[in-house]
Amino acid sequence: SFLSKQLQEARWLLRSMEQRLVTIQRVAEAIVQKQRAFLEYGEVAMKPLALKHIAAQLSLHESTVCRVTNNKYMATPRGVFEFKHFFSRQLATEAGGACSATAVRALLKELITTEDPGRPLSDAKLATLLSEQGLRVARRTITKYRTLMRVPSVEVRRTLGRSQSM
């Protein structure tokens, strides 16, 4: 009876591991399906995605999706990303659509890297330029994203631009 109990526990463990693997695989496939544009075109094409969307699509509880995505990584043609990277907050557009925060940060980075070093763009000007592209982003959100990306303020960039031209 001792051995049969141990065998039963081993079978239960194997079934649990198989079920976990299947759940991880299903979540990964759902993420790839939703973020195909990101995989093809990069961060600018990242779509807004929440855990609840994947949970609803797969008929899982949101906490299950959260546990499945914690500390898991996916190898993609664009590199290795933590599952959490594919979940991005939704921001409204002028046309009434939605854009992901990751895409906004990518556009912001692009604007800053192409700016004239002698005349860097202020956060307010960056917000205006994004607005012209149809993205409603507050100046303080620009400041937050710029800080997260470790991009210095306009004053520091202006000073750096002057020192480089000398």
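S.K.: Could you give me a rundown of the packing of helix α1 (residues 2-34) against helix α3 (residues 51-58), with the residues and numbers involved?
M.R.: Geometrically, a packed helix pair is captured by the angle between its two axes and the distance between the axes. Contact pair α1 / α3: the axes reach a minimum separation of 10 Å and the direction vectors enclose 115 degrees. Crossing angle aside, the handedness with which α1 passes α3 is right-handed. Residues Arg-26, Val-27, Ala-30, Ile-31, Gln-33 and Lys-34 of α1 touch α3, and the partners they reach there are Ile-54, Gln-57 and Leu-58. For the contact of α1 with α3, the class distribution of residues is 5 nonpolar, 2 polar and 2 charged.

S.K.: Please give an account of the nonpolar core that cites residues and values.
M.R.: Of all hydrophobic cores here, the largest spans 20 residues; its most connected members are Val-27, Ile-31, Ile-54, Phe-83 and Phe-86. Broken down by secondary-structure element, the contributors of at least two residues to this core are α1, α2 (36-41), α3 and α4 (62-69). For this core, the leading source of residues is α1, giving 5 residues. In contact with Phe-86, not counting residues within four places along its chain, are Ile-31, Gln-35, Phe-38, Leu-39, Met-46, Leu-49, Met-74, Thr-76 and Phe-81. Core analysis: the second largest hydrophobic core is formed by 19 residues, Ala-103, Val-104, Leu-121 and Leu-130 among them.

S.K.: Go over α1, please, and point to the residues and values.
M.R.: Here α1 contains 33 residues, and its C-alpha end-to-end distance of 48 Å stays within 8% of the 48 Å for a straight helix at 1.5 Å per residue. In this fold, the buried residues of α1 make contact with α3, α4 and β1 (73-76).

S.K.: Go over a nonpolar patch on the surface with me, naming the residues and quoting the values.
M.R.: Side chains of Trp-12, Leu-13, Leu-14 and Met-17 sit close together on the surface and give an oily, nonpolar patch of about 460 Å² of accessible area. Note that Trp-12 resides in helix α1. Classification of Trp-12 as exposed rests on a relative accessible area of 55%.

S.K.: An account of the pattern of salt bridges is needed here, citing residue identities and associated values.
M.R.: Counting across every chain of the model gives 2 salt bridges. Taking the shortest distance from any N to any O, the salt bridge between Arg-157 and Glu-115 comes out at 2.7 Å. One end of the pair, Arg-157, is in helix α8 (residues 154-165); the other, Glu-115, is in the loop between α5 (101-113) and α6 (123-132), with 42 residues separating them in the sequence. According to the relative accessible area criterion, Arg-157 is buried, its value standing at 8%. Classification of Glu-115 by relative accessible area gives buried; the value is 13%. A salt bridge links Arg-146 to Asp-123; the nearest nitrogen and oxygen atoms lie 2.9 Å apart. In this pair, Arg-146 sits in helix α7 (residues 139-148) while Asp-123 sits in helix α6, placing the two residues 23 residues apart along the sequence. The exposure classification of Arg-146 matches that of Asp-123, with both residues buried.

Reading the values: the criteria
Throughout, residues of each chain are indexed from 1 in the direction in which the sequence is written. Where totals are concerned, whole chains, interfaces and linings use all residues; where local detail is concerned, this predicted model gives features only for residues with pLDDT of at least 70, and gives and counts side-chain atom pairs only at 80 or more. Only hydrogens and water are removed before side-chain values are computed, so all heavy atoms of the structure are retained for them. Lines fitted to the C-alpha atoms define the axes, with helices restricted to the stretch that makes contact. Angles between their N-to-C directions range from 0 to 180 degrees. Only runs of H or I of at least four residues qualify as helices and only runs of E of at least two qualify as strands under DSSP, and these elements are numbered from the N terminus. Should the near helix be turned anticlockwise from the far one by less than a right angle, the crossing is left-handed, and should it be turned clockwise, the crossing is right-handed. Contacts between residues were defined by any pair of non-hydrogen atoms, one from each residue, lying within 4.5 Å. Any residue that is not Ala, Val, Leu, Ile, Met, Phe, Trp, Tyr, Cys, Pro, Asp, Glu, Lys or Arg is counted as polar, Gly included; the first ten are nonpolar and the last four charged. Here, the term nonpolar core denotes a set of buried Ala, Val, Leu, Ile, Met, Phe, Trp, Tyr and Cys residues that are joined through side-chain atoms within 4.5 Å. Summary of the burial criterion: residues with accessible area below 20% of their type's maximum are buried, those above 50% are exposed, and those between are partly exposed, where the area comes from a 1.4 Å probe applied to protein chains only. In this scheme, a helix's expected span is set at 1.5 Å multiplied by one less than its residue total. Patch building starts from residues that exceed 30% relative accessible area and form no salt bridge, then joins like charges within 9 Å and nonpolar side chains (Val, Leu, Ile, Met, Phe, Trp, Tyr) within 5 Å. Surface exposure here means Shrake-Rupley accessible area, sampled with a 1.4 Å probe, where a residue is shielded only by the protein chains that are shown. Basic side-chain nitrogens of Lys or Arg form a salt bridge, by our definition, when they fall within 4 Å of a carboxyl oxygen of Asp or Glu.

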